[in-house]
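Spelled out from the first residue to the last, the chains are:
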Amino acid sequence: TPLKPKKKATYQSIPDKHHHEEFLRNCVEILLKEAVFQGTSRNKRVLEWHSPDELLRLFDFKLNRNGATHEELTQLVKDTIRYSVKTGHPYFVNQLFSSLDPYGLIGQWLTDALNPSVYTYEVSPVFTLMEEIVLREMRQIVGFEGGRGDGIFCPGGSLANGYAISCARYKFNPEIKSVGLHGLPRLVLFTSEDAHYSVKKMASFLGIGSNNVYLVRTDKLGRMSVPHLVEEIERALSEGAAPFMVSATAGTTVLGAFDPVKELADVCERYGLWLHVDAAWGGGALMSKRYRYLLDGISRADSVTWNPHKLLTAPQQCSTFLLRHEGILSEVHSANAAYLFQKDKFYDTRFDTGDKHIQCGRRADVLKFWFMWKAKGTQGFEQHIDKVFDNARYFANTIKQRPGFRMALEEPECTNVCFWYIPPSLRNADSLPDFHERLHRVAPKIKERMMKEGCMMVTYQAQKGLPNFFRIVFQSSGLDRSDMVHLIEEFERLGHD
Ligand code: ABU
């Protein structure tokens, strides 16, 4: 059938093709130059700091009745880049995501150029199949037999953990879907005191209640204590409550600890509990023959959260929820909307996968990750993981030898390195009665200095009664040992009295 002839490409409410083509080309040029190449250059700053008051004055945020000119819009593009943090910069080591992968970026831009919504095959044929292929491959790597099971891409690790609670609860009692919480005993789930806050948040959101998340103690490396877990399960049972799930963590947010999944799987089997592994952060280590031992036992999990936007550096955001079981996701979440998921379509409607999700419209986060995977191969991801672990080990071993640095966690398991920088005036002063209070004030001060200079970004926190310590996170394999030395020297420079 001939296509309807068109003289010009059509843009949203835009009559003048050439005018807009020029604008688009110009903007893409600016993005490439200023956000991508300059934004990742060691010669440029990570950020240009301004307080909220200053930024409100500097940046034209105001929305007006009349539209802006292309010239003004071009300036806004430049200003947006100028005042944003360059998270692809090598010295943005602040968060569990960083770096700018060129293939990931093209995948992200291609996604946005096509603007799909992945609920039905008819609207997203390529992305629907791509999701199935990538999720199956990830399940295979987790160790689920034959890559079987189920999975979804979802908006962030917190939501993935929420899906785990929802599926575990449905497994405990499928009536939850229709009758709700009425008639259920008090459900209790278990996670470690170092687990991500989303477990509590999602338990509240799902009506379980944060008080019914029993926090299990961790050892000095930050790993969940198995004997204490058993004690807590017994406590819940003795209270007449109904334990239904353990949420283990593979790569805790601050310390990067890996819970002993194998032993936890034994406990879950003994008590008939759903085992979820939040490997949002540490899941990437599964790609490496050298480091996948950290997640030993994960193939026995009922479900897994794994975020490729973290250790594998896919662009934000790219989160997956994987299950060993088939069918549950759909059983618990489907609503069979007749206007969207018609069963009498002319094609195989098993590929209308959207009803497994709690979202309706959904961004195609798969393409950027699939494209990276195509470009590098599984082997490329393995080399990447080995390199970032090597960087982290090198950084940790080097600061152990340097005056002024002290490890908050002696032997990091993942690529987070937690440490204090102690300025000269506080060295050998541990016996001072106010040593902890004074040390507590050091990290915020150094952070202020680095942000105001814009030279690097490293986060800090207080945890487990310890004074504020830095957590530097390595996940860019674009960094090498000379960068490690540079970062260490920056702490020494910024950490003066
Ligand atoms: N799951 C969010 C982790 C936040 C962070 O970078 O620490």
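Keep in mind it's a predicted model, so treat the numbers as computed, not measured.

**Thoughts on the site of the ligand**
At step 1: Around the ligand sit Gln 95, Leu 96, Gly 157, His 196, Thr 253 and Ala 280, and that is every residue in its neighbourhood.
At step 2: A per-class count over the shell around the ligand returns two nonpolar, four polar and no charged.

**Overview of the pairing of strand S4 (residues 242-249)**
At step 1: Most of S4 sits inside the fold, with seven of its eight residues counted as buried.
At step 2: The pairing of strand S2 (residues 187-192) with S4 spans five bridges and is parallel. Opposite Leu 189, over in S4, you have Met 245 as the bridge partner.
At step 3: Relative to strand S5 (residues 274-278), S4 runs parallel, the two being bridged by five bridges. Bridge assignment links Val 246 to a residue of S5, and that residue is Leu 275.
At step 4: The parallel pair S4 and S5, bridged by helix H10 (residues 261-271), forms a crossover whose chirality is right-handed.

**Remarks on the packing of helix H6 (residues 157-172) against helix H8 (residues 198-205)**
At step 1: Closest axis-to-axis distance for the H6/H8 pair is 9 Å, and the angle between their directions is 55°. Between H6 and H8, the angle falls in the class oblique. Helix-helix and strand crossings are classified by hand; for H6 and H8 the assignment is right-handed. Here H6 contributes Gly 157, Ser 158, Asn 161, Gly 162 and Ile 165 to the contact with H8, which in turn contributes Ser 198, Val 199, Lys 201, Met 202, Ala 203 and Phe 205.
At step 2: Its residues assigned to classes, the contact of H6 with H8 shows five nonpolar, five polar and one charged.

**So, the sheet that holds strand S9 (residues 416-421)**
Hydrogen bonds along the backbone pair up the strands of a sheet, which may run parallel or antiparallel.
At step 1: The four strands lie next to each other as S8-S9-S11-S10, forming an open sheet whose pairing is antiparallel. Because the sheet does not close on itself, it has two edges, and the strands there are strand S8 (405-407) and strand S10 (459-461). The mean inter-strand angle of the sheet, taken between neighbouring strand axes irrespective of direction, is 40°.
At step 2: Alignment of S8 against S9, held across three bridges, turns out to be antiparallel. What sits directly across from Phe 405, in S9, is Tyr 421.
At step 3: The sheet strands contacting helix H12 (residues 366-401) are S8, S9 and strand S11 (469-473), and the helix crosses S9 at an angle near 20°.

**Topic: the confidence of the model for the protein chain**
At step 1: Chain-level statistics for the protein chain give a pLDDT mean of 95 and a share of 96% at 70 or above.
At step 2: Confidence estimates for the predicted assembly give a pTM of 0.95 and an ipTM of 0.92.

**Details of the sheet that holds strand S3 (residues 213-216)**
At step 1: Within the open sheet, the seven strands sit side by side as S1-S7-S6-S5-S4-S2-S3. Their pairing is mixed. Both edges of this open sheet fall to strand S1 (150-154) and S3, since each of them pairs with a single strand only. Strand-to-strand twist in this sheet, taken as the mean axis angle between neighbours without regard to direction, amounts to 20°.
At step 2: Each of S2, S3 and S4 is contacted by H8, which is oriented at about 165° to S3, the strand it contacts most.
At step 3: Packed on one face of the sheet, H10 meets S4 and S5 and runs near 170° to S4.

**Here we look at the pairing of S2**
At step 1: Along S2, six of the six residues are buried, which leaves the element largely enclosed by surrounding structure.
At step 2: A two-sided burial pattern is seen for S2, the buried positions comprising Leu 187, Leu 189 and Thr 191 on one face and Val 188, Phe 190 and Ser 192 on the other.
At step 3: Bridge count between S2 and S3: four bridges; the pairing is parallel. Paired with Thr 191 across the two strands is Leu 215, which belongs to S3.
At step 4: Once you follow S2 into H8 and on to S3, the crossover reads as right-handed.

**Let's talk about the packing of helix H9 (residues 226-238) against H10**
At step 1: The geometry of H9 relative to H10 is characterised by a closest axis approach of 10 Å and an angle of 20° between their N-to-C directions. Judged by the inter-axis angle, H9 sits roughly parallel to H10. Handedness of the crossing formed by H9 with H10: right-handed. Facing H9, whose interface residues are Val 226, Leu 229, Val 230 and Ile 233, H10 presents Glu 263, Leu 264, Val 267 and Tyr 271.
At step 2: Here the residues of the contact of H9 with H10 are counted per class, giving seven nonpolar, no polar and one charged.

**Overview of the domain arrangement of the protein chain**
At step 1: Taken domain by domain, the protein chain comprises domain 1 (17-46 + 48-84) and domain 2 (116-370).
At step 2: Centre-to-centre, using C-alpha coordinates, domain 1 lies 38 Å away from domain 2.

**Let's talk about helix H4 (residues 102-114)**
At step 1: Between its terminal C-alpha atoms H4 stretches 18 Å, which fits the 18 Å expected from 13 residues at 1.5 Å a residue.
At step 2: Every buried residue belonging to H4 is among Gly 104, Gly 107 and Gln 108, and all of these are buried. All buried residues of H4 lie within an arc of 100° about the axis, which places them on one face of the element. When the buried face of H4 is taken as reference, the exposed residues oriented beyond 90 degrees from it are Pro 102, Ala 113 and Leu 114.
At step 3: Check the buried side of H4 and you find it contacts H12.

Parameters and conventions
- Residues numbered from 1 in each chain as written.
- Predicted model: local features only at pLDDT ≥ 70, side-chain atom pairs only at ≥ 80, totals over all residues.
- Near = placed C-beta within 6 Å.
- Nonpolar A, V, L, I, M, F, W, Y, C, P; charged D, E, K, R; others polar.
- Buried ≥ 20, exposed ≤ 12 C-beta atoms within 10 Å, placed from the backbone.
- Helix = DSSP H or I, 4+ residues; strand = E, 2+ residues; numbered from the N terminus.
- Pairing = 2+ DSSP bridges.
- Right-handed = clockwise from strand over helix to strand, strands pointing away.
- Axes fitted to C-alpha atoms, helices over the stretch in contact; angles between N-to-C directions.
- Parallel < 35°, antiparallel > 145°, perpendicular 65-115°, else oblique.
- Left-handed = near helix turned anticlockwise from the far one by under 90°.
- Contact = placed C-beta atoms within 7 Å.
- pLDDT = per-residue confidence, 0-100.
- Domains from an automatic or database assignment.
- Expected span 1.5 Å × (residues − 1).
- Arc of directions from axis to C-beta.

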